[in-house]
Amino acid sequence: MITFDSLTPMLLAQRPSDLSVPGWLYEIKFDGYRLLVEIDGQVRLRTRHGIDATKWFPEIVASLGMLRGRHYILDGEVYVLDARGNSDFGRLQGRAEQRRLYAGADPVVFCAVDLLVDRNVDITEQPLAKRKAALAALLRKSPSSVLYVGHRTPSQVKRGLEKALRSLQLENLVAKRKASPYQQGFRSLDWVKMS
């Protein structure tokens, strides 16, 4: 069983990706801070480097605290979104540097991309597609400040998502192998930032 305090996130490799290869899902990549979240009677947030960020983003803590059930661990990113829905990394840095909520602070949103522990069951060895389905079910009624990051198929990407990425000034696409387990602390070719 993985533990929150020892967990290190799975990392992205970077390489070109061929949309004609079957077995992949695609997610939009915004520009934010990686966060691991544990919900187990209380909500705790940790950065990719293991820094406790629970007090930095109390609106995320409050929202995730409303989820029912016991012991979940989620992987995702926190963002400040502008009026068009684009991530603004500079504003996020300014918010995070304060390490607390303060008057006039930019609101943040947690975008959940993976579920690692589901009601006290370690599901990291299950295929990504199954973990994403469990995450979608958990966040079916998304609390405020929390978004489920869905995925696109190759045909949806070919039909215009790449063009939309450019026009919306998003960071990139991430390709993830549907059958991949969660490999903590590993830069895997099963998760790639497309170049």
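Now for a quick tour of the structure. (Residues numbered from 1 in each chain as written. Predicted model: local features only at pLDDT ≥ 70, side-chain atom pairs only at ≥ 80, totals over all residues. Heavy atoms only, no water.)

Moving on to the packing of aromatic side chains. What the rule picks out here adds up to 3 aromatic pairs. Aromatic pair Y33 and F89: ring centres 5.5 Å apart, planes at 70 degrees, arrangement edge-to-face. Here the residue Y33 occupies a position in strand 3 (residues 33–39), and F89 occupies one in helix 2 (residues 89–98), the gap between them amounting to 56 residues. The partly exposed category is assigned to Y33, whose relative accessible area is 22%. Here the aromatic rings of W56 and F57 are separated by 6.0 Å at their centres, their planes lie at 70 degrees, and the arrangement is edge-to-face. (Phe/Tyr/Trp six-rings, centres within 6.5 Å; stacked < 30°, edge-to-face > 60°. Helix = DSSP H or I, 4+ residues; strand = E, 2+ residues; numbered from the N terminus. Buried < 20%, exposed > 50% of the residue type's maximum accessible area, 1.4 Å probe, protein only.)

Among soluble globular proteins, nonpolar side chains are generally buried collectively. One finds L45, F57, L64, L74 and F110 to be the most contacted residues of the largest nonpolar core, which totals 28 residues. Counting only elements with at least two residues in this core, the list comes to strand 3, strand 4 (43–47), helix 1 (58–64), strand 5 (72–79), helix 2, strand 6 (109–118) and helix 3 (128–138). Not counting residues within four places of it along the chain, the set of residues in contact with L45 comprises F4, L35, L36, V37, I51, D52, A53, T54, F57, I60 and V61. Judged by nonpolar contacts, the second largest core, of 12 residues, contains F4, L25, L36 and V117. (Core = buried A, V, L, I, M, F, W, Y, C linked by side-chain atoms within 4.5 Å. Contact = heavy atoms within 4.5 Å.)

Further remarks concern the pattern of salt bridges. Per the stated rule, a full pass over the model turns up 12 salt bridges. Measuring nitrogen to oxygen at the nearest pair gives 2.8 Å for the salt bridge that ties R95 to E59. Of this pair, R95 sits in helix 2 while E59 sits in helix 1; the two residues are 36 residues apart in sequence, bridging distant segments of the chain. By relative accessible area, which is 0% here, R95 ends up buried. In this structure E59 comes out as buried when scored by relative accessible area, which is 18%. (Salt bridge = Lys/Arg side-chain N within 4 Å of Asp/Glu carboxyl O.)

With that out of the way, let us pick up the sheet that holds strand 1 (residues 11–15). Overall, mixed pairing links the 4 strands, which are arranged 1-10-9-2 in an open sheet. Every other strand in the sheet has two partners, leaving strand 1 and strand 2 (24–29) as the edge strands with one partner each. Looking at each pair of strands side by side, their axes are set apart by 40 degrees on average, direction ignored. The sheet contact formed by strand 9 (residues 172–177) and strand 10 (residues 187–194) spans 3 bridges and is antiparallel. The residue bridging A175 from the neighbouring strand is V192, located in strand 10. (Pairing = 2+ DSSP bridges. Axes fitted to C-alpha atoms, helices over the stretch in contact; angles between N-to-C directions.)

As a further point, take unusual backbone geometry. Residue H71 is not a glycine yet carries a positive backbone phi of 50 degrees. Within the secondary structure, H71 sits in the loop between helix 1 and strand 5. Under the relative-accessibility criterion, H71 is labelled buried at 8%. One non-glycine residue, R119, lies in the positive phi region at around 50 degrees. Inspection of the secondary structure assignment puts R119 in the loop between strand 6 and strand 7 (121–122).

Its place among the elements puts P9 in the segment before strand 1. Once residues lying within four places of it in the same chain are set aside, the contact partners of P9 are R34, L36, R48, D75, Y182, Q184, G185 and F186.

The next subject is the environment of I73. Assignment of secondary structure puts I73 in strand 5. A C-alpha to C-alpha distance of 7.1 Å links I73 and L36, two positions 37 residues apart in sequence.

None of this, on its own, says anything about what the molecule does.
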